[in-house]
Amino acid sequence: MDDTSDFLPWWVRHQRLVLAASAVVLVAAVSAWFVAETQLAAGVERCDPEAEAELGSDDWASGVVDVAAFTPLDEPGGGDWRAIHKEPRQCFSDWLDRKRQDVTQERRTLYLQPIGSFDAEASPDMETLAEFGRIYFGLPVKVMEPLDPASLELSKRQLGGEEQWLTTDVLDELETRLPNDAYAMLGLTMTDLWPGDGWNFVFGQARLSGRVGIYSFARYDPGPGVRPADDRRRMILLRSMKVMSHETGHMFGITHCLHYECNMNGSNSLYETDSQPIHLCPVDLRKLHHAVSFDIHRRYLALAEFYAEQGLVEQAEFVRLRASTNQPKTD
Ligand SMILES: [Zn+2]
Ligand SMILES: [Zn+2]
């Protein structure tokens, strides 16, 4: 089963505590499916000392990216993802060896497929999300015309008075609509999701073999209590960009990061997600760079400009510094 989901809750306020507790268990288990599957499929093993040494001494990492500027991971807290899920490291060499979809001239576009209606105050702007994706992944990103859920064959149910859709049904529908030039298609919805019997909800689910994923933004809105409104907008956008880029990273065969504080760190809660950066560490940036072949220096500069435009000061400063210290050369 090629499934993954990582993020935790914002829910109907009066149900938050009950659902948050169950969500930790449920989301963790779905993510475990993904991890188990990728390990089996890829034969990923723990890095040996030689492979780990490449992180600091490798020509690519030391010559292009200032490795010392990234923060190695500390011991996890009790409820953190790494405390609960014992996953293997994925070195660059492990990633190279694993089976994954290649980006080709014929298949290099990421599609964002909105499904249903979006409350403008409680959801990210699609074009902004697409622009971020273009810079972050160095690939074309297209926003498709929204799909009317009434036109889809979806199993639905109610949870706490809110509608949910069955993820596997959504993924089946997306697979039938996958454009020929798509590297992957990411369904986005404001409707809550659940993955099957015994589950309350999931934030998202990906089917790597089908190159499709579905992610719900239903739980990322901190609510109108967050003032000023621009802070609320920024929080929704940042969380949405994190989930979109993290899950798309999985589409590239990148598993959870155990090297540095990184966008590919696993997360057991929205709190944990909020504490993690949106940038890729040198190890995972190298994987993406190998897959796509973008110009790392220009990517950092473009990200700095984009984050600054969105008022994401901390994120802009980090990549601005990386752009100022790295060398303008490519792999
Ligand atoms: Zn993940
Ligand atoms: Zn990483």
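Residue positions within a chain follow its written sequence, with the count starting from 1. Chains and ligands are labelled sequentially in the order written, the chains with letters from A and the ligands with numbers from 1. Whole-chain, interface and lining totals are the exception, using all residues; otherwise, since this is a predicted model, local features are given only for residues with pLDDT of at least 70 and side-chain atom pairs are given and counted only at 80 or more. Think of the side-chain values as coming from all heavy atoms in the structure, minus any hydrogens and water.

Peer 1: Help me understand the sheet that holds strand 4 (residues 162–166), please; the structure alone is not making it clear to me.
Peer 2: Strand pairs in the sheet, formed through backbone hydrogen bonds, run parallel or antiparallel to each other. Read across the open sheet, the 3 strands follow the order 3-4-6; overall the sheet is mixed. Of all the strands in the sheet, just strand 3 (156–159) and strand 6 (192–194) have a single pairing partner and so form its edges. Pairs of neighbouring strands in the sheet enclose a mean axial angle of 45°, with direction left out of account. Paired strands, in this sense, are two strands between which DSSP finds at least two bridges. By the criteria applied, helices consist of DSSP H or I runs no shorter than four residues and strands consist of E runs no shorter than two, each listed in order from the N terminus. Judged from the 4 bridges that link them, strand 3 and strand 4 form a sheet pairing that is antiparallel. Counterpart to Q158 in the pairing with strand 4 is E163. Think of each axis as a best-fit line through the C-alpha atoms, taken over the contacting stretch in the case of a helix, with angles from 0 to 180 degrees between the N-to-C directions.

Peer 1: When you look at the coordination of the zinc ion (ligand 2) in this model, what are you seeing that I'm missing?
Peer 2: Around a metal, the ideal angle is 109.5 degrees if four donors adopt a tetrahedral arrangement and 90 or 180 degrees if six donors adopt an octahedral arrangement. Coordination of the zinc ion (ligand 2) by the protein comes from C257 (SG), C262 (SG), C281 (SG) and D284 (OD), over a distance range of 2.0 to 2.4 Å. Metal donors were taken as nitrogen, oxygen and sulfur atoms no farther than 2.8 Å from the ion, or 3.2 Å where the ion is Na, K or Ca. Water is excluded, so coordination may look unfinished. Only four donors with every angle between 85 and 135 degrees are called tetrahedral; only four or six donors with opposite donors over 155 degrees apart and all others between 65 and 115 are called square planar or octahedral, in that order; all others are irregular. The coordination sphere of the zinc ion (ligand 2) comprises 4 donor atoms, whose angles at the metal cover 101 to 117°; the geometry is tetrahedral. Here the donor residues for the zinc ion (ligand 2) map to a single chain with the spacing C-x4-C-x18-C-x2-D. Each member of the pair C281 and D284 is classed as buried. Throughout this description, buried means an accessible area under 20% of the type-specific maximum (1.4 Å probe, protein chains only), exposed means over 50%, and partly exposed covers the range between.

Peer 1: It is not clear to me how the sheet that holds strand 8 (residues 212–216) should be interpreted in this structure. Could you clarify?
Peer 2: One open sheet accounts for 5 strands, arranged 2-1-5-8-7; its pairing is mixed. Where the open sheet ends on each side, the last strands, each with one partner, are strand 2 (141–143) and strand 7 (204–207). Across this sheet, the average inter-strand angle for adjacent strands is 15°, counted without regard to direction. Bridge count for strand 1 (residues 109–115) against strand 5 (residues 182–189) is 7 bridges, and the pairing is parallel. Along strand 5, the bridge assignment pairs L110 with A184. Note on contacts: a residue pair qualifies if any of its non-hydrogen atoms lie within 4.5 Å across the two residues. Its contacts with the sheet place helix 7 (residues 167–176) against strand 1, strand 5, strand 7 and strand 8, and it is angled at close to 135° to strand 8.

By themselves these figures say nothing about function.
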